[in-house]
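Working through the structure, step by step
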Amino acid sequence: MKKVATISILLVLYAAYSSWIYTSGTAIAATMTTEAMRGKQLWQRLNCQTCHQLYGLGGYMGPDLTTVITDKGRGAAYARGMMLSGGRQMPNYHLSVQDADMLLAYLSYVNGTQSR
Ligand code: HEC
């Protein structure tokens, strides 16, 4: 009788845990806006990943930008300025303000998929 009770409890726990994992357990907090999607396309078209990493993947000439939006000492305003006018080594793409904002929306989305 004890075995049956133990197995029943394990089965119930298994079912509960499975349903949690398959419903909310793997949900990503951030949803992608149209602006962020356009930013992603720009990111790919302009080959930003040749110098920058996202999630650790990409080139190593520039810094990783996965958490550039929330990092202390960096942040959205700094990132925007760097995209609009370039840096010492970061090329100036002469981006329009709209394009810079789309790239920024994409970087914010990426940043939002990090630790909750
Ligand atoms: C030729 C290599 C190269 C390419 C291509 C490049 N970057 Fe950069 N980027 C850099 C470097 C290097 C820095 C660090 C600042 C500096 O030294 O100018 C930087 C800095 C930045 C920063 C500020 C973050 C920080 O920590 O300094 C942002 C945001 C950024 N780049 C976005 C972009 C975007 C968006 C693109 C594509 C449109 C891009 N970069 C393409 C090299 C590059």
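In what follows, the structure referred to is the one given above.
Residues numbered from 1 in each chain as written. Predicted model: local features only at pLDDT ≥ 70, side-chain atom pairs only at ≥ 80, totals over all residues. Heavy atoms only, no water.

1. So, the coordination of the iron atom of the ligand
Coordination of the iron atom of the ligand by the protein comes from H52 (NE2) and M90 (SD), over a distance range of 1.9 to 2.0 Å. One way to put it: the six donor atoms around the iron atom of the ligand meet at angles of 88 to 178 degrees, and that makes the site octahedral. Here the residue H52 occupies a position in the loop between α2 (34-45) and β1 (53-54), and M90 occupies one in the loop between α3 (75-85) and α4 (97-112), the gap between them amounting to 38 residues. On the basis of relative accessibility, which here comes to 23%, the residue M90 falls in the partly exposed class. (Donors = N, O, S within 2.8 Å, 3.2 Å for Na, K, Ca; no water. Tetrahedral: all angles 85-135°; square planar, octahedral: opposite > 155°, others 65-115°. Helix = DSSP H or I, 4+ residues; strand = E, 2+ residues; numbered from the N terminus. Buried < 20%, exposed > 50% of the residue type's maximum accessible area, 1.4 Å probe, protein only.)

2. Regarding the nonpolar core
Residues W43, L54, L65, V68, L103 and L107 are the most contacted members of the largest nonpolar core, which totals 16 residues. Those elements that provide at least two residues to this core are α2, α3 and α4. Looking at this core element by element, the count peaks at six residues for α4. What L107 contacts, discounting residues up to four positions off in sequence, is W43, L54, L65, T66, V68 and I69. (Core = buried A, V, L, I, M, F, W, Y, C linked by side-chain atoms within 4.5 Å. Contact = heavy atoms within 4.5 Å.)

3. Details of unusual backbone geometry
For residues other than glycine, phi is negative in most cases, and the peptide bonds are mostly trans. The backbone of N47 sits at a positive phi, close to 60 degrees, despite the residue not being glycine. On the secondary structure map, N47 appears in the loop between α2 and β1. By relative accessible area, N47 is classed as partly exposed at 39%. The phi torsion at H94 lies on the positive side, around 50 degrees, for a residue other than glycine. Mapped onto the elements, H94 comes out in the loop between α3 and α4. Residue classification places H94 among the exposed positions, given a relative accessible area of 67%.

4. Notes on the packing of aromatic side chains
Enumeration over the complete set of coordinates arrives at two aromatic pairs. With a centroid separation of 6.0 Å and 35 degrees between ring planes, the pair formed by Y17 and W20 is classed as tilted. Note that Y17 and W20 are positioned in helix α1 (residues 2-25) at a spacing of three residues, about one turn of the helix. (Phe/Tyr/Trp six-rings, centres within 6.5 Å; stacked < 30°, edge-to-face > 60°.)

5. Quick notes on the packing of α2 against α4
Relative to each other, α2 and α4 sit at 100 degrees, their axes nearing to 7 Å. It follows that α2 is roughly perpendicular to α4 by the angle criterion. Together, E35, A36, R38, G39, K40, L42 and W43 of α2 and D99, D101, M102, L103, A105, Y106, L107 and Y109 of α4 make up the contact between the two elements. Considering only residue class, the contact of α2 with α4 consists of nine nonpolar, one polar and five charged. (Axes fitted to C-alpha atoms, helices over the stretch in contact; angles between N-to-C directions. Parallel < 35°, antiparallel > 145°, perpendicular 65-115°, else oblique. Nonpolar A, V, L, I, M, F, W, Y, C, P; charged D, E, K, R; others polar.)

6. A closer look at the site of the ligand
Surveying the vicinity of the ligand reveals 23 residues, the closest of which are C48, C51, H52, R74 and M90. Measuring from a nitrogen atom of the ligand, one finds a side-chain N or O atom of H52 at 2.7 Å. Here an oxygen atom of the ligand sits 3.0 Å away from a polar atom, N or O, in the main chain of R88. Considering every element that reaches the shell around the ligand, the biggest residue donor is α3, with four residues. The residue makeup of the shell around the ligand, split by class, is 16 nonpolar, five polar and two charged. (Near = heavy atom within 4 Å. Polar contact = N/O pair within 3.5 Å; in protein donor to acceptor, adjacent residues only side chain to side chain.)

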